Amino acid sequence: MYDVYKIRNDFPMLREPQTMQGHPLVFLDNASTTFKPDRVLDAMDVYNRKETANSHRGDYDLCNKADRAVAKARESVARFLNAGVNEIVFTAGATSALNLVAYGYCLKVLKPGDEILISLAEHASNVLPWFRIASLTGAKVKYIPLSEGNRITVEAVKTALTPHTKFVSVAYVGNVLGYIAPIKEIAALAHANGAVLCVDGAQSTPHLKTDVKDLDCDFLAFSGHKFCAPTGTGALYGKYDLLCAMDPFETGGGMNVKFYPDGTATYLLPPMKFEAGTLNVAGIIGLGEAVEYVSSIGLEEISAHEHMLKAYAVEKLLATGMVDIYNADSEGGIVTFNVHGVFSQDFATYLNAQGIACRSGQHCAKMLNDVLCVPATVRASFYLYTTKEEIDALVEAVKHGGNFLDAYF
Amino acid sequence: MPTFELTPAMMREIIMDHYSSPRHKVTPEGEGYETLHSSSINCIDDIDVFLKFDGNGKVKDACWNGTACAISTASSDILCDLLIGHDEKEAKYIIDQYRKMIHEEPYDSSVLEEALAFMNTGRQAARIHCALIGWDAVEEILKGHHHE
């Protein structure tokens, strides 16, 4: 039995009641970032307070302990994604993982006239690296058209693939609307076309059971802080052969075997080849613990909880008769809406005045709003600790949304 | 301080009035306008401001256009009202006093008229830049302005 109140007790941010503008904090911006449970904080604290040493830099016990902690976290992440342990590269997050693919893989293999295929719903992190690579290689960025319901469909991918498509990158779950893309089918289509598939897993990994072998994607990038790990953590999954074929993006200590005055250098094998410099050891330990924590609750259970909250929120919000919802039928725990006659940013400010944290704007997916035909939206996003009562608070605020200037008086 | 007490109801009415029917929200077609684009990394506001001076160095017309929330819409619109008929030095003084008010420092309220409706913006820290976006842009134009 899923006990959300018991889960909330694991999180200091929820257990020790926080307030915002004099109201109890209602945090509905989990697509942006999430809270950390004791387990994550404690593990990082032990490393920082009692066990600090660099990883793979010394011959003493403390250093060995740090090495083992990093290895353990890598095993946790690999198990979490059903990947090989050497297929997990630690990064600062999904953005740096995607940039690693861009500069390590695409810059090396793409040629003038090749096509990079993305969608109009992508987050800036899954758009701008490809713009850069296109300008550096002479490749072109093309778009998968969104269906009428703003989904990425298999049919749309089929029509967008051309003999020139060499690289495809799409989000498993969109960060604005929360639709799940048919990654397994897209992978098969991309491979049949001779293209490589990269998946932006920033919004899927925290909410959906992810099996990279079953999906057969070539790369998958994710951020730790979206599932209870600290900011500045994340990883890139890459098929081992592809990682071997890739160039390092950053070079330096910890990733080389030897180097000589004549400029020759040899590098370690993946994943170390891509982890130059001192690792974010405390963060990686926190990431490993977060993976174990989320796994102990169960991804299927978390998905089901979010699905229940989504249905509840849509029903209650629509019942007010005061909102337009842009993703009522999406699978993810995200409700994207506007209150009639109220600009999204003004409503988000009103919510702030009620202690409710929601995001307004374009949510970093600045090409999508032209598709939705609205300049901006309000986004409420849920996670494993979100309650119906928190959604009730949002619905109550919507009912009074016309008085949005109350925030100032 | 204002010669009369502005009540919250009055301030709300001023903001809503300029938000729902802005007087100066237009991209001018005539010639002789100096213009600047202004946007923010942490909000949706994305506007252009336009200033035209007469032969005596006074603001003859001021307008703005773009995507903006209630606070940036109303504050930019009221700014245009305040600027028209003033010279560069007076305009700079008005903007300076408004900026002090927004940052909750002592200010000369006698020149701010309807802009006094924004005296509470500091309560919503995330919206301070909305209340300033048009004002910042006009100030930039004034810095670069050399009337003949």
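Each chain has its residues counted from 1, following the order in which its sequence is written. Throughout, the order in which chains and ligands are written sets their labels, letters from A for the former and numbers from 1 for the latter. In view of the model being predicted, local features appear only for residues whose pLDDT reaches at least 70, and side-chain atom pairs are presented and counted only at 80 or more, with totals across whole chains, interfaces and linings using the full set of residues. The side-chain values count all of the structure's non-hydrogen atoms but skip hydrogen atoms and water molecules.

### A closer look at the pattern of salt bridges
Each salt bridge in this description consists of a side-chain nitrogen of Lys or Arg and a carboxyl oxygen of Asp or Glu lying within 4 Å of one another. Evaluation of the coordinates by the stated rule reveals 25 salt bridges over all chains. For A:Lys142, the salt bridge goes to A:Glu115, with nearest N and O atoms at 3.3 Å. Here the residue A:Lys142 occupies a position in strand β6 (residues 140-144), and A:Glu115 occupies one in strand β5 (residues 115-119), the gap between them amounting to 27 residues. Its relative accessible area of 33% is what places A:Lys142 among the partly exposed residues. We note a salt bridge from B:Lys100 to B:Asp96, for which the minimum N-O separation is 3.9 Å. On the criterion of helical spacing, the pair formed by B:Lys100 and B:Asp96 is a turn pair, its members being four residues apart in helix α3 (residues 88-102). The cut-offs for exposure are 20% and 50% of the maximum accessible area for each residue type, with area from a 1.4 Å probe on protein chains only; residues under the lower value are buried, those over the upper are exposed, and the others partly exposed. B:Lys100 gets classed as partly exposed once you look at its relative accessible area, which sits at 28%. Given the relative accessible area of 33%, B:Asp96 is considered partly exposed. One salt-bridge network, held together by shared partners, links A:Arg15, A:Glu16 and A:Asp38. Helical segments are the DSSP runs of H or I of at least four residues, strand segments are the runs of E of at least two, and each set is numbered from the N terminus.

### Some points on the sheet that holds β5(A)
The strands making up a sheet associate through hydrogen bonds between their backbones, and the pairing can be parallel or antiparallel. Residues and elements named next belong to chain A. We call two strands paired when DSSP finds no fewer than two bridges between them. In space, the seven strands of this open sheet follow the order β4-β10-β9-β8-β7-β5-β6, with mixed pairing throughout. At either margin of the open sheet sits one strand with a lone partner, and together these are β4 (88-91) and β6. On average, adjacent strands in this sheet sit at an angle of 20° to one another, irrespective of strand direction. Against the sheet, helix α5 (residues 94-109) touches β4, β7 (165-171), β8 (196-200), β9 (219-223) and β10 (234-238), its axis set at about 150° to β9. It only takes one pair of heavy atoms within 4.5 Å for two residues to be counted as in contact. Throughout, an axis means a line fitted to C-alpha atoms (over the contacting stretch in the case of helices), and angles, computed between N-to-C directions, take values from 0 to 180 degrees. Where helix α8 (residues 183-192) meets the sheet, its contacts fall on β7 and β8, and the angle it forms with β8 comes to roughly 155°.

### A few points about the domain arrangement of chain A
Residues and elements named next belong to chain A. Assigned domains within chain A: domain 1 (4-30 + 298-408) and domain 2 (41-296). For the domains described, the bounds stem from an automatic or database domain assignment. A C-alpha centroid distance of 29 Å is found between domain 1 and domain 2. On the side of domain 2, 32 residues touch domain 1, which itself brings 30 residues to the contact. A quick way to say it: buried area is the sum, across both parts, of accessible area lost when two parts are put together, with a 1.4 Å probe. Between domain 1 and domain 2 lies a buried interface of about 2600 Å² when both sides are counted; carbon and sulfur atoms form 59% of it. The largest per-residue losses of area from domain 1 upon contact with domain 2 belong to Leu299, Met367 and Tyr383, which jointly make up 25% of the total buried on that side. Remark: the boundary between domain 1 and domain 2 carries one salt bridge. The salt bridge partner of Glu331 is Arg151, with a shortest N-O separation of 2.9 Å. Within the residue set of the side of domain 1 that touches domain 2, elements represented by two or more residues are α12 (299-319), β14 (334-339) and α14 (368-372).

### Comments concerning the interface of chain B and chain A
In this complex, chain B contributes 21 residues to the contact, which on the side of chain A involves 18 residues. Around 1700 Å² of area is buried between chain B and chain A when both sides are counted, 59% of it from carbon and sulfur atoms. It is B:Arg12, B:Ile44 and B:Gln124 that lose the most area in chain B upon contact with chain A, and together they represent 40% of the buried surface on that side. The interface formed by chain B and chain A holds one salt bridge in total. Residue A:Asp406 pairs with B:Arg12 through a salt bridge whose shortest N-O separation is 2.6 Å. What qualifies as a polar contact is a pair of N or O atoms within 3.5 Å, subject to a donor-acceptor requirement within protein and to the restriction that residues adjacent in sequence count only when both atoms come from side chains. On the surface where chain B and chain A come into contact, there are nine residue pairs in polar contact (both at pLDDT 80 or more). Those elements that provide at least two residues to the side of chain B that touches chain A are α1 (8-20) and α2 (70-83) of chain B. If one sorts the elements of the side of chain B that touches chain A by residue count, α1(B) sits on top with six residues. For the side of chain B that touches chain A, the class distribution of residues is 13 nonpolar, four polar and four charged. Residue polarity is assigned by list, with Asp, Glu, Lys and Arg as charged and Ala, Val, Leu, Ile, Met, Phe, Trp, Tyr, Cys and Pro as nonpolar; anything else, Gly included, falls into the polar class.

### Examining the packing of aromatic side chains
When we look at a pair of aromatic rings, we describe it by the centre distance and by the angle of the planes. All names here are of chain A. Only rings of Phe, Tyr and Trp enter the pairing, Trp through its six-membered ring, and a pair is recorded when the two centres are within 6.5 Å. The plane angle decides the type: under 30 degrees is stacked, over 60 is edge-to-face, the rest tilted. In the structure shown here, the tally under the stated rule is 16 aromatic pairs over all chains. Consider the rings of Phe11 and Tyr293, whose centres lie 5.7 Å apart with planes at 80°: the pair is edge-to-face. Of this pair, Phe11 sits in the loop between α1 (4-8) and α2 (12-15) while Tyr293 sits in helix α11 (residues 281-297), and the two are 282 residues apart along the sequence. Of the two residues, Phe11 and Tyr293, both sit in the buried class. Ring geometry for Tyr103 against Phe249: centres 4.9 Å apart, planes inclined by 10°, an arrangement best described as stacked. Pair noted here: Tyr103 is in helix α5 and Phe249 is in the loop between α10 (240-245) and β11 (256-259), with a separation of 146 residues, a long-range link. For Tyr103, a relative accessible area of 18% gives the class buried.

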